[in-house]
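# Inside the fold
Chain residues, written in single-letter form:
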Amino acid sequence: MNHKLPGPNAIRIINTMKKYVYDSTFIYPLVIANGHDCIIEDPDGNKFLDFTSNIGACPIGYSHPDVMEVLAEYSTNGTHKIAGQDFYSKEHADLAETISTILPQNFKTFFTNSGAEAVENAIKIAYRRMGPLPGISCFGAFHGRTLGALNFTFSNPVHKYNFPELPVKRIKFCTKDDDPEIDVTESLLKENKIAFILTETIQGEGGYYVASKKFIKNLRKCATQYGVPLILDEVQSGIGHTGKWWAFEHYGVTPDIISAAKALQVGATIYNKKLEPSNKSALSSTWGGGNRIDMAIGMRTIQVIKRDKLLENATKMGTMLMKGLHELVGKNGVTDVRGLGLMIGLEFDTRTRRDKKLTKLFRNGLLTLGAGHKSMRIIPPLVITRDQIERGLAIMNQVLSRN
Ligand SMILES: Cc1ncc(COP(=O)(O)O)c(C=O)c1O
């Protein structure tokens, strides 16, 4: 660290934002100025090891040579942002084709700007097919904060204050195969007409809880039996963080619709062709499929993950990280650790302690984030190395072993 945190340049920026910008989910005073590999730099020259990958949105870290090459290619192209559902572009074609190489057969893609839009378009596809019926979603779920997606989100009461809800049937997100509520969905489907089942396989914002295998397999079985589309939300877990392209691959199921975003650089609603809306222009968006640089980087990201075998790296580094974090459980308020690959949640006894530790880790040069009520989320870029994991664990040990 070069300066006391935050340094003078960071303070100026934060103060301007405090004056002009809504105070959203900012946690500690990190101002991002630049980054290389898994290191983020603030405007005062302080460097931080990044165990957040910006909530999974930067899977190949920062200033990756392949990404810098794409940025250089587009530095002289002034049509970088276009009405992407009104006009065709090579980047749109290339990204859609590249995604198809990591999908089950017979899936097509509709691009959007954000994860919430990816979820909402998934829901729209289901409503078109099934009618304006209730959707099933889980307690603790997070599917975005826009008005449509928010109906099915349930991770934080502050999101839904005075909110008028669309019809929804809520089920428990079961993390254990022997959960007594694991079969509730079947009776719900027997007794009600339902438009879709929507869930994450690892609850992200809800606290990094991993669904039980039987729970997800059950949802798939019930969805098929009752002819209801199964939407799996992979906005946070998709494109490699769990050590597979999609978290649902850990469960041996194929959804009917997938929502993706973050690591892909753009939002995407990915659907089985049998659910494609029959009318043209039922789905559209000005910038959806129109951020040509983002789409080019999204495609390059998938190529880099394949070429550099980063799924294998995520699995290996995730195992190493999980092993190190297990040693912290039972000490100084750390009560549990769980996750898949490089998507790991560390549970604390209280929210206050969790928040204090997040800030202390930041002050010691390690970036992590909160999730759920009292979990810490750890989701490093897929390019993380053994040395960086060791360094991160050393900082965690040092910070978490003190009260
Ligand atoms: C699982 C999941 N779905 C949807 C969203 C919403 O994505 P966005 O913030 O891009 O709208 C998120 C964001 O964290 C997410 O984790």
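If you're wondering where the values come from, they're calculated on a predicted model, not measured in any experiment. (Residues numbered from 1 in each chain as written. Predicted model: local features only at pLDDT ≥ 70, side-chain atom pairs only at ≥ 80, totals over all residues. Heavy atoms only, no water.)

### Notes on the overall build of the chain
Threshold: The helix and strand labels rest on DSSP assignments: H or I over at least four residues marks a helix, E over at least two residues marks a strand, and numbering proceeds from the N terminus. Here the radius of gyration uses the C-alpha set of atoms, whereas the globule reference equals 2.2 Å times the residue count to the power 0.38. Relative accessible area decides the class of each residue, using a 1.4 Å probe on protein chains only: under 20% of the type maximum gives buried, over 50% gives exposed, and in between gives partly exposed. We call two residues in contact whenever any of their non-hydrogen atoms come within 4.5 Å of each other. Charged residues are defined here as Lys and Arg on the positive side and Asp and Glu on the negative side; His and the ends of the chain fall outside this count. A single reference atom marks each charge: NZ on Lys, CZ on Arg, CG on Asp, CD on Glu.
Secondary structure assignment for the chain yields twelve helices and 17 strands. Rg of the C-alpha trace for the chain: 21 Å, near the compact-globule value of 22 Å for 403 residues, within the 12% margin. Projecting the C-alpha coordinates of the chain onto the three principal axes gives extents of approximately 60 × 55 × 45 Å. Scored against the burial criterion, the 403 residues of the chain give a buried share of 56%. The contacts of the chain with a sequence gap of at least 6 include a subset with a gap of at least 24, amounting to 72%. Once the 50 positive and 40 negative side-chain charges of the chain are each reduced to a mean point, those two points are 3 Å apart.

### Looking at the site of the ligand
Let me state the cut-off plainly: A single heavy atom is enough: if one lies within 4 Å of a molecule or strand, its residue is considered near that molecule or strand. Identification of polar contacts relies on pairs of N or O atoms within 3.5 Å, with a donor-acceptor requirement for protein atoms, meaning one able to donate a hydrogen and the other able to accept it, and with residues adjacent in sequence counted only if both atoms are side-chain atoms. Residue burial considers only the protein chains on display, and all accessible areas are found by Shrake-Rupley using a 1.4 Å probe. Each residue receives one of three labels: charged for Asp, Glu, Lys and Arg, nonpolar for Ala, Val, Leu, Ile, Met, Phe, Trp, Tyr, Cys and Pro, and polar for the others, Gly being one of them.
Taken together, Ser114, Gly115, Ala116, Phe142, His143, Gly144, Glu200, Glu205, Asp233, Val235, Gln236 and Lys262 make up the full set of residues adjacent to the ligand. Within the backbone of Gly115, an N or O atom sits 2.8 Å from an oxygen atom of the ligand. Take Lys262: an N or O atom from its side chain is 2.9 Å from an oxygen atom of the ligand. For the ligand, the accessible surface in isolation is 390 Å², of which the surrounding protein chains cover 85%. Taken together, the residues of the shell around the ligand sort by class into three nonpolar, five polar and four charged.

### Topic: the domain arrangement of the chain
Short version of the rule: Just so you know, the domain bounds were taken from an automatic or database domain assignment. Once two parts are brought into contact, the accessible area they lose, counted with a 1.4 Å probe and summed over both, makes up the buried area. A pair is scored as a salt bridge if a Lys or Arg side-chain nitrogen falls within 4 Å of a carboxyl oxygen belonging to Asp or Glu.
Partitioning the chain into structural domains gives domain 1 (8-55 + 309-400) and domain 2 (69-307). With centres defined by C-alpha atoms, the gap from domain 1 to domain 2 works out at 25 Å. Each side of the interface is counted separately: domain 1 has 26 residues, and domain 2 has 24 residues. Buried surface at the junction of domain 1 and domain 2, both sides included, amounts to about 2,000 Å², of which 63% is carbon and sulfur. Of all residues in domain 1, the largest losses of buried area upon contact with domain 2 belong to Leu311, Leu340 and Met343, amounting jointly to 34% of the total for that side. Put simply, Arg377 and Glu205 hold a salt bridge, and the shortest N to O gap is 2.8 Å.

### Here we look at the side chain of Ser89
With respect to the helices, strands and loops of the structure, Ser89 is situated in the loop between α3 (65-74) and α4 (90-100). With residues near it in sequence (within four places) discarded, Ser89 still touches Ile82, Gly289, Arg292 and Met295.

### What to know about the environment of Arg377
Here Arg377 is to be found in strand β17 (residues 375-378). The spacing of Arg377 and Tyr208 is 169 residues in sequence and 6.9 Å in space, taken between C-alpha atoms. Not counting residues within four places of it along the chain, the set of residues in contact with Arg377 comprises Phe51, Ile55, Gly204, Glu205, Tyr208, Gln236, Ile344, Thr368, Leu369, Gly370 and Ala371. Looking at Arg377, its side chain comes within polar contact range of the side chain of Gln236, at 2.8 Å.

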